[in-house]
Amino acid sequence: MFIYQIFLSIFTYLDLSKNDNFENEEFKELVSFLKGVKKIKPKINPSPEFQNFLNNEQDQLSYFTNISLNRKSNLVSRNIKTVVNVSTYFEENKFKDASLVKPVLLKTWSGEGKTTIALEFAYKQGINFISSIFIDASRSIDTQLANMADMKFKVKLPSHIDSLNAIKFKVDYVKDYVNAHASLLIFDNVTEVEDIEKYLPKKGQSRSIILTTNFKISSLDFS
């Protein structure tokens, strides 16, 4: 028997500011310029006034991303519907601070399409985020974020940071970046809430999608 569930879970953090420094027309001009361009660094940090999760025609990954997995073609109808539901949910809540937005929690058995759904969303909605970070929670998250800092953000260590503190510096850099820039975080293979809680965005316009086969995880775990 197939059971497919989507649960929205709430994380409570401090309510801070959002970025709304640019006019709508400026963003429209940028989006128009980006059409047909495979990779170009965004000039601005997308803020809610510019994000459009329902009528996005760009269909490309964010500029900064560690996503290397290819999206699948010919998605089954239930997966397509779920991608639309996630897009609608983020559109309806795009003006809220990350501290108030419920991350999307996809819970189902292994092999039922959680990762496919998350990747499809990342490819379709990448233009709405300046960065997209895919994290496998079954591996060292610190190492993955440090690699993101090295390979994508090109972080250079200050002279006073020694090798023992290098990973912490890089991880903190990525976490601070996520809190300051609209970013999409996808946490795959999550088994325990405690494994990812400190990496979730605490403020700003970043959003999270959490994938798990642990049906014991619920919204009550994130209060």
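Higher on the page you've got the structure.
Residues numbered from 1 in each chain as written. Predicted model: local features only at pLDDT ≥ 70, side-chain atom pairs only at ≥ 80, totals over all residues. Heavy atoms only, no water.

**Q** So, helix 3 (residues 114-125): which residues are in play, and what are the values?
**A** For helix 3, with 12 residues, the first-to-last C-alpha span of 17 Å sits near the 16 Å given by 1.5 Å per residue. Across the 12 residues of helix 3, 10 count as buried, placing the element largely inside the fold. Among the residues making up helix 3, those that are buried are Lys114, Thr116, Ile117, Ala118, Leu119, Glu120, Phe121, Ala122, Tyr123 and Gln125. For helix 3, the elements touching its buried residues are helix 2 (77-92), strand 3 (104-107), strand 4 (131-136), strand 5 (183-190) and strand 6 (207-212). (Helix = DSSP H or I, 4+ residues; strand = E, 2+ residues; numbered from the N terminus. Expected span 1.5 Å × (residues − 1). Buried < 20%, exposed > 50% of the residue type's maximum accessible area, 1.4 Å probe, protein only. Contact = heavy atoms within 4.5 Å.)

**Q** Outline the nonpolar core, listing residues and values.
**A** Ranked by internal contacts, the top residues of the largest apolar core, which has 25 residues, are Leu145 and Phe187. Going through the elements one at a time, strand 4, helix 4 (141-151), helix 5 (166-180) and strand 5 are the ones with two or more residues in this core. In contact with Leu145, other than residues within four places in its own chain, are Ile133, Ile135, Val171, Val174 and Tyr199. Judged by nonpolar contacts, the second largest core, of 23 residues, contains Leu61, Ala122, Leu184 and Leu211. (Core = buried A, V, L, I, M, F, W, Y, C linked by side-chain atoms within 4.5 Å.)

**Q** Tell me what's going on with the packing of helix 4 against helix 5, and back it up with residues and numbers.
**A** Orientation of helix 4 relative to helix 5, taken along the N-to-C sense of each, is 75°, at an axis distance of 8 Å. In terms of axis orientation, helix 4 runs roughly perpendicular to helix 5. Facing helix 4, whose interface residues are Asp142, Leu145, Ala146, Ala149 and Asp150, helix 5 presents Ile167, Lys170, Val171 and Val174. Looking at the contact of helix 4 with helix 5 residue by residue, the classes come out as 6 nonpolar, no polar and 3 charged. (Axes fitted to C-alpha atoms, helices over the stretch in contact; angles between N-to-C directions. Parallel < 35°, antiparallel > 145°, perpendicular 65-115°, else oblique. Nonpolar A, V, L, I, M, F, W, Y, C, P; charged D, E, K, R; others polar.)

**Q** Account for the side chain of Gln125, naming residues and giving values.
**A** Turning to its location among the elements, Gln125 is positioned in helix 3. Of the polar contacts made by the side chain of Gln125, one reaches the backbone oxygen of Phe53; its length is 2.8 Å. With residues near it in sequence (within four places) discarded, Gln125 still touches Asn52, Phe53, Asn56, Gln60 and Ser87. (Polar contact = N/O pair within 3.5 Å; in protein donor to acceptor, adjacent residues only side chain to side chain.)

**Q** If you had to explain the environment of Asn147 to someone new, which residues and values would you point to?
**A** Its location among the elements puts Asn147 in helix 4. In this structure, the C-alpha to C-alpha distance between Asn147 and Val171, residues 24 residues apart in sequence, is 9.0 Å.

**Q** Describe in detail the layout of surface pockets, supporting the description with residues and values.
**A** Summary: where empty space remains is shown by rolling a probe the size of a single water molecule over the atoms. Computed from the structure, the largest pocket encloses a volume of approximately 320 Å³. Lining the largest pocket are 21 residues, and of these Gly111, Glu112, Gly113, Lys114 and Thr115 sit closest to its centre. The residue inventory of the lining of the largest pocket, partitioned by class, reads 4 nonpolar, 12 polar and 5 charged. (1 Å grid on protein atoms, 1.4 Å probe; cavity = no way out; pocket = protein on both sides within 12 Å on 5 of 7 lines; lining within 4 Å. Points joined across faces, edges and corners; volume = space filled by probe spheres on them.)

**Q** Could you give me a rundown of the packing of aromatic side chains, with the residues and numbers involved?
**A** Describing an aromatic ring pair means giving the distance of the ring centres and the angle of the ring planes. Within the structure shown, the criterion is met by 12 aromatic pairs. Summarising the aromatic geometry, the rings of Phe53 and Phe129 are spaced 5.7 Å apart at their centres and angled 55° between planes, so their arrangement reads as tilted. Remark: Phe129 occurs in the loop between helix 3 and strand 4 and Phe53 occurs in the loop between helix 1 (24-34) and strand 2 (64-65); sequence separation between them is 76 residues. Judged by centre distance (5.1 Å) and plane angle (50°), the rings of Phe64 and Phe153 are tilted. Separated by 89 residues along the polypeptide, Phe64 in strand 2 and Phe153 in the loop between helix 4 and helix 5 bring together distant segments of the chain. The class of Phe64 is buried, set by a relative accessible area of 11%. (Phe/Tyr/Trp six-rings, centres within 6.5 Å; stacked < 30°, edge-to-face > 60°.)

It is worth stressing that arrangement in space is one thing and function is another; only the former is reported here.
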